[in-house]
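Here are the chains, one letter per residue:
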Amino acid sequence: MAATSHPAATLTAIEVLKAGGNAVDAAVAAVAVQSVVEAGSTGVGGDCFAMIALEGSTDIRAYNGSGRAPAALTGEALRAEGVEAIERSSPHAVTVPGAVDAWCRLLSDFGRMPIAEVLQPAIAMAREGYVLTPRVAADLGLQRDLLAVDPTARATFLVGGEAPPVGSIQRQPLLADTLDGIARDGRDAFYRGAVAEDMVDYLRSLGGQHSLEDFGSAQGDYVTPISTTYRGRTIYECPPNGQGVVALLILNILSRFSVSKDPFAIDDLHILLEATRLAYAARDAMVADPTGSDGVVERMLSSTLADRLASAISVDRVAEPLPSFDTVEHKDTVYLCVVDRDRNVVSFINSIFSAYGSGLMAPRSGVLFHNRGQSFSLVAEHPNEVGPRKRPMHTIIPGMVAEAGRVVMPFGVMGGHYQAMGNAHLLSRLYDCGLDLQTAIDLPRLFPLPATATVEAETAIRTRLGAELERRGFKVEPPRTAIGGAQAIRIDWERGVLIGGSDPRKDGMALGY
């Protein structure tokens, strides 16, 4: 079974599985397709994280495929230039993309198929064309002004300066050539040679500090997953620089309370909102590149911190003030999961950050750059301060759940900042409310914007509970876009079946055979 946010990607994964590929082959093939057909959410110019459980074992392998800042970039230099925040389309927002390195490494270590075969569906769609699905077309329309600024992005995604409507056919021939090179020559086709020269030349022409050495030395890392226990199940996440530790902290806080089976219970949602606000305050004070931030995971997952934050929650009134911190918006991502016939399990998340990333596209290679460097702080001595070869704090977090010593569910919730809360809320709906997977994904969502008492809430929650949340001190608003997206696959070991769910807020689906 495969569950992704785009039908072409889900179908590609199934076709790879039917052709004899395993879950890793299918996951990389699917995400490569998404990098073409869902270019506003992911791409070769972005980053990824992955978790792999071979035959459902809890000996989970995790990979940090997030990129680093250029070796020449320092917070001190930016502050000296008067830079107060890294802007979205600044070359300083572009860290060296880590996704391609991760794809190649995971395929080499765990796949059955060569990368030349795995990338063929994506290459064909980039060269021959793909149809804009509703969510992709909507995101493209919202980013028209951003894309119109960069000449290559404008020529690739817009028609006559306007975003094409749903059902339009789009092609990316430059990206097709780049993917074709990776298929032939592996990661070196991206991080060295003509493609790397194109990326570095373009970023430097805009004032970036990137070098060919920054790209040539790019490499992700295998990392040890972190975990907590929630309602008798073990929940696994990737460690920092991702925010998976925040999802686990929210679950630790929730575990201090009794939660009803009603997913609309106002007190339960109030507790969830407050747990999220407190956990995110801790995140922005502590989560960063693990280099130089030793002990953060232990502190954030300690019983002492969970007890202290839980005791700060009043069940009928918003807590004010929260700790102050600086932050930026975090937006676009794709998540997918695959389980093969041998019960190899892949939880995979790939992102270019904001919708269509930085809006900057390398002119000869067609690489659309992410803007993940916006996550850096410019506050001197902050754990997440921008610095040479440093990784920024990341919002993208794949997850896994285990019971009785076996993985029972890969899962992920997209939506930037929302992801940590989204992971915790999905699990609470499953294991507190006892809902089935698709219902838990479908139900309306809410999210407290970090550092505020403002809650974005989808229509059903605003209609039903908005007035009471306002009475408790929250400011309730409609979301600017759909809140996140989710995919998951539940493994029923006893019956030997797979049960998938995919979010209606995206274009995708779960398919199995």
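Residues numbered from 1 in each chain as written. Predicted model: local features only at pLDDT ≥ 70, side-chain atom pairs only at ≥ 80, totals over all residues. Heavy atoms only, no water.

Chemist: Let's hear about the sheet that holds strand β15 (residues 475-477): which residues, and what values?
Modeler: Across a sheet, strands are paired by hydrogen bonds formed along the backbone, either parallel or antiparallel in direction. A sheet is described by the order of its strands in space; here three strands give the open sequence β13-β14-β15, paired in mixed fashion. Each of the sheet's edge strands pairs with one partner strand only, and the pair in question is β13 (446-448) and β15. Here the strands of the sheet are splayed against their neighbours by 25 degrees on average, with no regard to which way each runs. Two strands pair when backbone bridges link them, and strand β14 (residues 454-457) and β15 are joined in this way by three bridges, in the parallel orientation. Paired with Glu456 across the strands is Glu477, a residue of β15. Against the sheet, helix α15 (residues 266-286) engages β13 and β14, with an angle of about 40 degrees to β13. (Pairing = 2+ DSSP bridges. Helix = DSSP H or I, 4+ residues; strand = E, 2+ residues; numbered from the N terminus. Axes fitted to C-alpha atoms, helices over the stretch in contact; angles between N-to-C directions. Contact = heavy atoms within 4.5 Å.)

Chemist: How would you sum up helix α18 (residues 418-431)? Please name residues and give values.
Modeler: With 14 residues, α18 extends 20 Å from end C-alpha to end C-alpha; this agrees with the ideal 20 Å at 1.5 Å per step. The element α18 is largely enclosed, with a buried count of 14 among its 14 residues. (Expected span 1.5 Å × (residues − 1). Buried < 20%, exposed > 50% of the residue type's maximum accessible area, 1.4 Å probe, protein only.)

Chemist: Give me the packing of aromatic side chains: which residues, what numbers.
Modeler: If you walk through the whole model with that rule in mind, you get six aromatic pairs. Note on Tyr63 and Tyr222: the rings are 4.9 Å apart at their centroids and 80 degrees apart in plane angle, and the pair reads as edge-to-face. Separated by 159 residues along the polypeptide, Tyr63 in strand β3 (residues 61-65) and Tyr222 in strand β6 (residues 221-223) bring together distant segments of the chain. You can call Tyr63 buried: its relative accessible area is 1%. Taking the centre distance of 5.6 Å and the plane angle of 90 degrees together, the rings of Tyr418 and Phe447 count as edge-to-face. Taken together, the residues Tyr418 in helix α18 and Phe447 in strand β13 connect sequence positions 29 residues apart. The pair Tyr418 / Phe447 is uniform in exposure class, with both members buried. Feature note: the residues Tyr63, Phe110 and Tyr222 constitute an aromatic cluster, connected by ring pairs. Above the face of the Tyr513 ring, Lys18 is positioned so that its terminal group lies 5.1 Å from the ring centre. (Phe/Tyr/Trp six-rings, centres within 6.5 Å; stacked < 30°, edge-to-face > 60°. Lys NZ or Arg CZ within 6 Å of the ring centre and 35° of its normal.)

Chemist: Go over the sheet that holds strand β17 (residues 497-502) with me, naming the residues and quoting the values.
Modeler: The strand order across the open sheet formed by six strands is β7-β8-β11-β12-β16-β17, and the pairing between neighbours is antiparallel. Where the open sheet ends on each side, the last strands, each with one partner, are β7 (226-230) and β17. Averaged over all adjacent pairs, the angle separating strand axes in this sheet is 20 degrees, with direction ignored. With six bridges joining them, strand β16 (residues 485-492) and β17 adopt antiparallel strand pairing. Looking at β17, one finds that Ala488 is bridged to Gly501. Docked against the sheet, helix α14 (residues 244-254) engages β7 and β8 (233-237), running at close to 20 degrees with respect to β7. Taken strand by strand, α18 contacts β7, β8, β11 (399-403) and β12 (406-414), and its axis lies near 135 degrees from that of β12.

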